[in-house]
Amino acid sequence: MKYIKFLGIGILFGIIMTKSEAVSWYRIQEMFRFQAFHMYGIIGSALVVGAIGVQLIKRYEIRSLQGAVIEFNDKKMSIARYLFGGIIFGLGWALSGSCPGPMYTLLGNGFTVFAIVILSAVVGTYTYGLFKDKLPH
Amino acid sequence: MIEFLSQAWAWYISGPLIALVMFLLLWAGGSFGVSSTLRSVCAIGGAGKRVDFFDFDWKAQRWNLVFVAGAIIGGFIAANWLQNPEPLDLSPATVADLQAFNIPFDGGLAPEYLFSWESLMTVQGFLTLVVGGFLVGFGSRWAGGCTSGHAISGLSNLQLPSLIAVIGFFIGGLLMTFFIFPLIFS
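Residues numbered from 1 in each chain as written. Chains lettered and ligands numbered in written order. Predicted model: local features only at pLDDT ≥ 70, side-chain atom pairs only at ≥ 80, totals over all residues. Heavy atoms only, no water.

## Quick word on the packing of aromatic side chains
In the structure shown here, the tally under the stated rule is 30 aromatic pairs over all chains. Plain terms: the ring middles of Trp 11 of chain B and Tyr 12 of chain B are 5.4 Å apart, the flat faces sit at 85° to each other, and that makes the pair edge-to-face. A ring pair is formed by Phe 32 of chain B and Phe 67 of chain B, whose centres lie 6.4 Å apart and whose planes are at 90°; its orientation type is edge-to-face. Of this pair, Phe 32 of chain B sits in the loop between helix H2 (11–27) and helix H3 (36–44) while Phe 67 of chain B is found in helix H4 (residues 62–81), placing the two residues 35 residues apart along the sequence. For the pair Phe 32 of chain B and Phe 67 of chain B, one class covers both residues: buried. One aromatic cluster is present, formed by Trp 25, Tyr 26, Phe 111 and Phe 114 of chain A together with Phe 101, Phe 105, Phe 115, Phe 181 and Phe 185 of chain B through successive ring pairs. The cationic tip of Arg 39 of chain B hangs over the ring face of Phe 56 of chain B; the distance from NZ or CZ to the ring centre is 4.0 Å. (Phe/Tyr/Trp six-rings, centres within 6.5 Å; stacked < 30°, edge-to-face > 60°. Helix = DSSP H or I, 4+ residues; strand = E, 2+ residues; numbered from the N terminus. Buried < 20%, exposed > 50% of the residue type's maximum accessible area, 1.4 Å probe, protein only. Lys NZ or Arg CZ within 6 Å of the ring centre and 35° of its normal.)

## Some remarks on the nonpolar core
Ranked by internal contacts, the top residues of the largest apolar core, which has 95 residues, are Trp 25 of chain A together with Phe 32, Phe 67, Phe 115 and Phe 181 of chain B. It is helix H8 (residues 160–185) of chain B that provides the largest number of residues to this core, a total of nine residues. Shared between two domains, this core holds at least three residues of each, these being domain 1 (1–83) and domain 2 (114–186) of chain B. Contact partners of Phe 115 of chain B, with chain neighbours within four places excluded, come to Trp 25, Ser 96, Phe 111, Val 113 and Phe 114 of chain A together with Ala 110, Thr 128 and Leu 129 of chain B. (Core = buried A, V, L, I, M, F, W, Y, C linked by side-chain atoms within 4.5 Å. Domains from an automatic or database assignment. Contact = heavy atoms within 4.5 Å.)

## Some remarks on the interface of chain A and chain B
The interface is formed by 109 residues belonging to chain A together with 129 residues belonging to chain B. Between chain A and chain B lies a buried interface of about 10300 Å² when both sides are counted; carbon and sulfur atoms form 78% of it. Contact with chain B buries surface across chain A, with Lys 19, Tyr 26 and Leu 95 of chain A losing the most and accounting together for 9% of the total. Remark: the boundary between chain A and chain B carries one salt bridge. For Arg 33 of chain A, the salt bridge identified is with Asp 97 of chain B, shortest N-O distance 3.6 Å. Linking chain A to chain B there are 30 residue pairs in polar contact (both at pLDDT 80 or more). (Buried area = accessible area lost by both parts, 1.4 Å probe. Salt bridge = Lys/Arg side-chain N within 4 Å of Asp/Glu carboxyl O. Polar contact = N/O pair within 3.5 Å; in protein donor to acceptor, adjacent residues only side chain to side chain.)

## Some points on the domain arrangement of chain B
All names here are of chain B. On domain assignment, one finds that chain B holds domain 1 (1–83) and domain 2 (114–186). Centre-to-centre separation of domain 1 and domain 2, based on C-alpha positions: 18 Å. Listed by partner, the interface residues are nine residues for domain 1 and ten residues for domain 2. For the domain 1 face of the interface with domain 2, the top three residues by lost area are Met 22, Phe 32 and Ser 35, together amounting to 59%. At the junction of domain 1 with domain 2, the criterion picks out zero salt bridges. Taken together, the links from domain 1 to domain 2 amount to three residue pairs in polar contact (both at pLDDT 80 or more). A total of three residues in the side of domain 1 that touches domain 2 trace back to one element, the largest contributor, which is H3. Taken together, the residues of the side of domain 1 that touches domain 2 break down into five nonpolar, three polar and one charged. (Nonpolar A, V, L, I, M, F, W, Y, C, P; charged D, E, K, R; others polar.)

## Remarks on the side chain of Thr 18 of chain A
Turning to its location among the elements, Thr 18 of chain A is positioned in helix H1 (residues 4–19). The class for Thr 18 of chain A is buried, based on a relative accessible area of 8%. Filtering out sequence-adjacent residues up to four positions away, Thr 18 of chain A remains in contact with Val 23, Thr 105 and Asn 109 of chain A together with Gly 75, Ala 78 and Leu 109 of chain B.

## Quick look at helix H6 (residues 123–143) of chain B
Residue and element names in this part refer to chain B. In a regular helix each residue adds 1.5 Å, so 21 residues correspond to 30 Å; H6 covers 28 Å between its end C-alpha atoms and thus fits that length. When the local axis directions of H6 are compared, the greatest deviation, roughly 25°, occurs at Val 131. Where burial is concerned, most of H6 is hidden: 15 out of the 21 residues are buried. (Expected span 1.5 Å × (residues − 1). Bend = angle between axes of the 7 residues up to and from the residue.)

## Some thoughts on the pattern of salt bridges
Pairs can form between side chains of opposite charge once their charged atoms are near each other. All names here are of chain A. This structure, assessed with the given rule, holds three salt bridges over all chains. Here Glu 30 ties to Arg 27 by a salt bridge, and the two come within 2.8 Å at their closest N and O atoms. Here Glu 30 pairs with Arg 27, and both are found in helix H2 (residues 25–32), just three residues apart, close to one helical turn. Each member of the pair, Glu 30 together with Arg 27, is buried. Within the structure, one salt-bridge network assembled from shared partners comprises Glu 21, Arg 27 and Glu 30.

## A few points about the confidence of the model for chain B
A residue-level look at chain B finds 100% of positions with pLDDT of 70 or above and a mean pLDDT of 96. Across the interfaces of the predicted complex, the ipTM metric reaches 0.96, alongside a pTM of 0.96. (pLDDT = per-residue confidence, 0-100.)

## A word on a nonpolar patch on the surface
Together, Phe 34, Met 77 and Ile 79 of chain A together with Leu 160, Leu 163, Ile 167, Ile 171, Leu 175, Phe 178, Phe 179 and Ile 180 of chain B give the surface a local cluster of nonpolar side chains, amounting to about 1000 Å² of exposed area. Counting through the fold element by element, Ile 79 of chain A comes out in the loop between helix H3 (38–59) and helix H4 (80–96). (Patch = residues over 30% accessible without salt bridge, like charges linked within 9 Å, V, L, I, M, F, W, Y side chains within 5 Å. Areas by Shrake-Rupley, 256 points an atom, 1.4 Å probe, with all protein chains shown as cover.)

Following this line, the structure appears as structure tokens:
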């Protein structure tokens, strides 16, 4: 039963991602070609609301449903890992027009071939795990 | 109400709602980061026996797998009961750019001919679906997160590493769009 709320939040997420068209391959093309504000508006407004909310959660020590104060872990500083990993991710994002959230959502949208995209992403993740120690972090 | 929901949602409605999803996940005891689920899938498949990176307690992350199962259902609901009767309002400049690569704009969320099972057997389709997916999986784990984990969660928490990752996302995205994409689709 404790998982049912995550299912509900996920359903909400899938609907938002579809209706906002953030799952659209065309919208990602449009974004990287700087031909519309739509995607920048979505990410930018999510960020503004997100940043304000995170500050409020920290300041007022808002608690989660389980009663614990919500904590945020700082990410370990490095440049190579985020820059190189980010570039590889960006190459895939612009080509497939989808990042992981949209991959799942598009599968539900009826683009069943996204099962292959997700499988490929799993193989990519596994391959990273294989070579992790040889890559700069 | 259904009529309102069926339209494409404006960015200033969609963005804050995505932030709401992040808050709901935090409130429920999770966090917003979708690419972690790919690592869990590897662990479930037994990758932890061979590679240490996958030898972790994925069961503690089960909530995230339930979340993405919800995203699949949400996509299904939106596509079947809240579908937009109008074609996607893509910028005419993008339509023209894609036309130049012989990619027709069909008004849907993604070009059907490229995102189909038949397309898998073509060079362009294989690159888009299989290589594209692979790069997303490899890159997101190397960078320690994807759009949700870095661009939304990380930047909302003012994390410099997330800013570096997002800059990387755009360097990679622009390299693909303006240098590699034209080679694949010309």
